[in-house]
Every structure is written in structure tokens, then in C-alpha cells.
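These are the residues of each chain, in order.
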Amino acid sequence: MLLCITAHHRNTSFELLERLAVDAADLSRSVHDAHAAIRGAVSIATCNRLEVYLDVDAPDLLARELAQRSVVEALESLAGVDEAAVTQNAELLEGAGAVHHLFSVAAGLESVAVGEEEIAGQVKRSVQVAREAGTTTPTLDRAFQEAARTARAARAKGDASRTGRSLARLALDLVGSRLADWGGVNVLLVGTGQYAATTIAALRERGADRIRVYSPSGRAQVFASRTATDPTNDLAASLIWADVVVTCTTRLSIGADDVPADARCFIVDLGLPRNVDATVGERDGVTLLDLETIRLHAPLVHWSAEEDARSVVDAAAHSFVSDAAVEPAVVALRQHVLDLVDGEITRARSRGDDDGRVEEALRHLTSVFLHTPSVMARRHAAAGRAEAVAGAVETLFGLEVGASRGSRATPLSGAQPFEEGEQGEAVGLGR
């Protein structure tokens, strides 16, 4: 059964999201190792969300209990966050709801800046990290691979991402509304990760030509040579020099005492945990924009563009769930036919078929024979007839088809199963 436990900017305060900022690989391993029935776990940790996708081999009620317990206990251990804080905010999604949510997240439709570019890469990296940690499964892999394909299709269909939307660009738009011109503005960038690269691109689009880079980890020189910016090792002097400061790192915390008294600047804090203490914004001459402030100012994208992208996500999620619904029947049929063919090949070899021509012919015939039933099974599943497919396979071939897991959304509130166009139900863990 595929499940997702998610805490994000719509259901959780940024203060709590800061406390939930844990290493994704550590979280996946901790959840995966919590119980033998948890076959896989993939975690997504970004500045706006913490999510764990689980593949649990257990009946529905037990699967939900194991998912909740494993994630809560892992967060208690790794982040020191008590159970109540998690259960009162995070949501549990299951089956089709979890799939739809993953596809929406990858497409940027659940981001603060709808259509942002970075999230698709973060989702892709999260499953790669899980693979390296040995905590993913074929089911989770397929879901994340399809999520990546859906994200590309959604960007092609809608134009929400064609404007290059991201948190960095949104924040710079807010700052730019108070500047006459970006040309000649002194910009200090703290951090050298993916957000830093995106920020530099956005700054140059706006005409900024004086960019200095500081890295708490000492990578400023290499990053600056790659991005044609100026490296610095003197943070205090650079804070005095800067008109705009953008922080996007996990390795630095700037307090009020770190900002010189005569500093006059805008500070954009894109870090989670936050890089800049809230008291810095109380200093005369300093305007602080953090993630929560940016969220409050996030504009709505053009309605038709977002609806186009969402229609792609809806269709892709429905297709994925439909395929999963008939997968046990298709697998059972394929295995049955392949077993029969293997038997015939063995008999052919015993009768002297040493050149392999009989085996080649039988393998080709098997592929041709199985193609149409596989295609038709998925078409019937898409039309809501997955149970009829399973029944037909059992009746005609005498096979036992196992129950499909993860093909229906069964929220704790008892909402109806996922249908085409539906986004799935979310259930608060503490309700």
C-alpha cells in the first residue's frame, strides 16, 4: 500500500517546518527500519515541506498505523519534535491520494510559488538518495519516475513555469518593487547550492551586475569562478557593502549581533532552518523577507495555465492508479503463460532443439499473445473495471489474483475512492 505523510506550508507553520528540517536519507532509513512490513520509504525535505512516501505490505488500517507511528518516532528521534506537534499538523494520504499529491508536488502545483522550477529536481534527487540508502522499492521507483514525467508534461501543457517561477524570483520581485533599478545594486549571496545558482540567474535577468558570494563551507571561490561573480571571505564587511542580501544555506545562522550597526539593506532569507534570526528585521535600516513573508505575498498564477497543468496531473495520476489496479492480474497472467512456455522449451530441448529456433519462436509468440490482454486490461481499469479484469483472469485461467495495493484512496475520514479529476483526500493525523 502506498502512503504519504506530509507537512507543508499550507498545513504547518514555518516555525514547525524549521524544526522538522532533517536529513532526508536519515529519515528514510529510520522509517524503513521501523517495521518489517515497511518495504520502502522515500523522503522529500525542502524549504516548504517534509514528506515521507511509504510502501507498506499490510492491511489498510495496520498500514496507516505503521506509517504514522514510524514517521512520528523518526521525527522525535531526529528532530526532537514531539508526537502532538506532528500529528496535529501533518496529513496522511493513501493510495490514489498519495500518488496524485506526489505528481502535483513534482509539477510545482503545491509550491508557494506555483510552477516553481526547483521542486522537480528535488523530487528526483530524493528518490536517488533513497536508492543509494537502499530504502526504495519498485513501486516507489515507478511512482517517482512517473511523477518526473508528469512534471515535464505539465510544464509543457501549462505556461505557469514558462515565466521561470521560483521562490528566489518571487522574493526578488518583492525587493525589486522597492528599487528604482537593479543596475549598480550591491548584492551579497550567502550559499552555493541549487537555490544560489537559480538566484544568480534571476538577478542577472533583472540587470544586477554587482554580485558577491560568501560560502560558510568555503566553496565561494569555486562557485564564483563558475558563475562569474566575486567571492568573499569577509561576511561582516560584505553585509555593510550590500544593498540586498540573499541567504540560501543550511550552514549559517545570522543574528542581530552579526549585522553591523550601519548596515542598510534588504535581506531575503530562503533558508530552512532559517538563516537569519527574526530580530535582525527589527534593526533600523534592515528589511527582512523570510519564507513566511514571501508566502503571504505569493500571487496567484494565471487561472488557465494552472488548470492546464492540473489537468495533466489528474490524467497521469488516474492512469498510474488504473495500471496499478490491474497489475496483479497482468502479472499473474504473464507468469502463467511464461511458465507454460518454459515447459514447452524444456521439452523441445529434450527432443533435440539445440539451435534455439523453437525457443525463439515461442518467446516471440508469447510476447505477441500477451500484448493485447495487457493493453485491454489497462483500458478496462481506466474505465473502472479493474475487478472485472481480475475476475476474468481467475475464471478463464484458474489463477489466483492477489489484491491490488495502492490503487484506491481510503482516507481515515471514509472519503470515496479516487476518481478521474479528483485530487484525493487528505486526513489530519491527529483527527
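Remember, it's a predicted structure, so these values are computed and weren't measured experimentally. (Residues numbered from 1 in each chain as written. Predicted model: local features only at pLDDT ≥ 70, side-chain atom pairs only at ≥ 80, totals over all residues. Heavy atoms only, no water.)

1. So, the overall build of the protein chain
Then, in step 1: When helices and strands are tallied, the protein chain shows 15 helices and 11 strands.
Then, in step 2: Across the 431 residues of the protein chain, 51% fall into the buried class.
Then, in step 3: For the protein chain, restricting intrachain contacts to residue pairs at least 6 apart in sequence, the fraction spanning at least 24 positions comes to 68%.
Then, in step 4: For the protein chain, the exposed surface amounts to about 19,700 Å²; the carbon and sulfur share of it is 49%. (Helix = DSSP H or I, 4+ residues; strand = E, 2+ residues; numbered from the N terminus. Buried < 20%, exposed > 50% of the residue type's maximum accessible area, 1.4 Å probe, protein only. Contact = heavy atoms within 4.5 Å. Areas by Shrake-Rupley, 256 points an atom, 1.4 Å probe, with all protein chains shown as cover.)

2. What to know about the environment of alanine 315
Then, in step 1: One can find alanine 315 in helix 13 (residues 303-350).
Then, in step 2: A relative accessible area of 39% places alanine 315 in the partly exposed class.

3. Side note on a negative patch on the surface
Then, in step 1: A cluster of like negative charges, contributed by Glu73, Glu76, Asp82 and Glu83, occupies part of the molecular surface.
Then, in step 2: Positionally, aspartate 82 belongs in the loop between helix 3 (60-79) and helix 4 (83-87).
Then, in step 3: Classification of aspartate 82 as partly exposed rests on a relative accessible area of 39%. (Patch = residues over 30% accessible without salt bridge, like charges linked within 9 Å, V, L, I, M, F, W, Y side chains within 5 Å. Salt bridge = Lys/Arg side-chain N within 4 Å of Asp/Glu carboxyl O. Lys, Arg positive; Asp, Glu negative; His and termini not counted. Charge placed at Lys NZ, Arg CZ, Asp CG, Glu CD.)

4. Examining the pairing of strand 5 (residues 186-190)
Then, in step 1: In terms of residue burial, strand 5 counts as a mostly covered element, since five of its five residues are buried.
Then, in step 2: Both strand 5 and strand 6 (residues 210-214) contribute to a ladder of five bridges, which runs parallel. Looking at the pairing, leucine 189 lines up with valine 213 of strand 6.
Then, in step 3: Where the polypeptide runs from strand 5 across helix 9 (residues 194-205) and back to strand 6, its parallel neighbour, the crossover connection is right-handed.
Then, in step 4: Across four bridges, strand 5 lies against strand 8 (residues 244-247) in parallel orientation. Paired with leucine 188 across the bridge in strand 8 is valine 245. (Pairing = 2+ DSSP bridges. Right-handed = clockwise from strand over helix to strand, strands pointing away.)

5. Some words on a nonpolar patch on the surface
Then, in step 1: On the surface, Phe369, Leu396 and Phe397 cluster together into a nonpolar patch covering about 310 Å² of accessible area.
Then, in step 2: As for its placement among the helices and strands, leucine 396 is situated in helix 15 (residues 386-397).
Then, in step 3: Leucine 396 gets classed as exposed once you look at its relative accessible area, which sits at 67%.

6. Points about the nonpolar core
Then, in step 1: Judged by nonpolar contacts, the single largest core of 65 residues is most densely connected at Val31, Val56, Trp182 and Leu270.
Then, in step 2: If near-sequence neighbours (up to four positions away) are discounted, leucine 270 is found in contact with Cys47, Leu167, Ala168, Ala171, Thr199, Val246, Thr247, Cys248, Leu291 and Ile294.
Then, in step 3: Grouped together as the second largest cluster of nonpolar side chains are 34 residues, Ala151, Ala309, Val312 and Val321 included. (Core = buried A, V, L, I, M, F, W, Y, C linked by side-chain atoms within 4.5 Å.)

7. A few points about helix 6 (residues 118-133)
At 3.6 residues per turn, the α-helix brings residues three or four places apart onto the same side.
Then, in step 1: Here helix 6 contains 16 residues, and its C-alpha end-to-end distance of 23 Å stays within 8% of the 22 Å for a straight helix at 1.5 Å per residue.
Then, in step 2: Of the positions making up helix 6, those classed as buried are Glu118, Ile119, Ala120, Gln122, Val123, Ser126, Val127 and Ala130.
Then, in step 3: The elements touched by buried residues of helix 6 are strand 2 (38-45), helix 5 (96-106), helix 7 (138-157) and helix 9. (Expected span 1.5 Å × (residues − 1).)

8. A closer look at the side chain of threonine 6
Then, in step 1: By the element assignment, threonine 6 lies in strand 1 (residues 2-8).
Then, in step 2: Residue threonine 6 is classed as buried on the basis of its relative accessible area, which comes to 1%.
Then, in step 3: Polar contacts involving the side chain of threonine 6 include one to the side chain of glutamate 51, which spans 2.7 Å.
Then, in step 4: The contact partners of threonine 6, leaving out residues within four places of it in the chain, are Asn11, Arg49, Leu50, Glu51, Ala90, Glu91, Leu93 and His101. (Polar contact = N/O pair within 3.5 Å; in protein donor to acceptor, adjacent residues only side chain to side chain.)

9. Here's the deal with the confidence of the model for the protein chain
Then, in step 1: Of all residues in the protein chain, 87% have pLDDT values of 70 or greater, and the mean over the chain is 83.
Then, in step 2: By mean pLDDT, strand 11 (residues 427-428) is the weakest element of the protein chain at 50, and strand 6 is the strongest at 97.
Then, in step 3: This stretch, residues 404-427, has a pLDDT under 50; its non-local contacts, to residues over four places away or in other chains, come to 65 contacts. (pLDDT = per-residue confidence, 0-100.)

10. Describing the pattern of salt bridges
Then, in step 1: Within this structure, the stated rule accounts for 18 salt bridges.
Then, in step 2: A salt bridge links arginine 274 to glutamate 18, with the shortest nitrogen-to-oxygen separation between them at 2.9 Å. Here the residue arginine 274 occupies a position in the loop between strand 9 (265-269) and strand 10 (286-289), and glutamate 18 occupies one in helix 1 (residues 14-19), the gap between them amounting to 256 residues.
Then, in step 3: Among the charged side chains, a salt-bridge network with shared partners connects Arg169, Asp173, Glu205 and Arg206.

11. Concerning the packing of helix 5 against helix 6
Then, in step 1: Where helix 5 meets helix 6, the axes come as close as 8 Å, and the angle between the chain directions of the two elements is 125°. Our classification of the angle between helix 5 and helix 6 gives oblique. Here Leu102, Val105 and Ala106 of helix 5 lie close against helix 6, whose contacting residues are Ile119, Ala120 and Val123. (Axes fitted to C-alpha atoms, helices over the stretch in contact; angles between N-to-C directions. Parallel < 35°, antiparallel > 145°, perpendicular 65-115°, else oblique.)

12. A look at the layout of surface pockets
Then, in step 1: Roughly 990 Å³ of volume is contained in the largest pocket.
Then, in step 2: Every residue lining the largest pocket is counted, 36 residues in all, and those nearest its centre are Ala45, Thr46, Gln122, Thr250 and Leu272.
Then, in step 3: Within the residue set of the lining of the largest pocket, elements represented by two or more residues are helix 2 (24-32), strand 2, strand 3 (49-56), helix 6 and helix 9.
Then, in step 4: Here the lining of the largest pocket takes five residues from helix 6, the largest share from any one element.
Then, in step 5: A per-class count over the lining of the largest pocket returns 17 nonpolar, 13 polar and six charged. (1 Å grid on protein atoms, 1.4 Å probe; cavity = no way out; pocket = protein on both sides within 12 Å on 5 of 7 lines; lining within 4 Å. Points joined across faces, edges and corners; volume = space filled by probe spheres on them. Nonpolar A, V, L, I, M, F, W, Y, C, P; charged D, E, K, R; others polar.)

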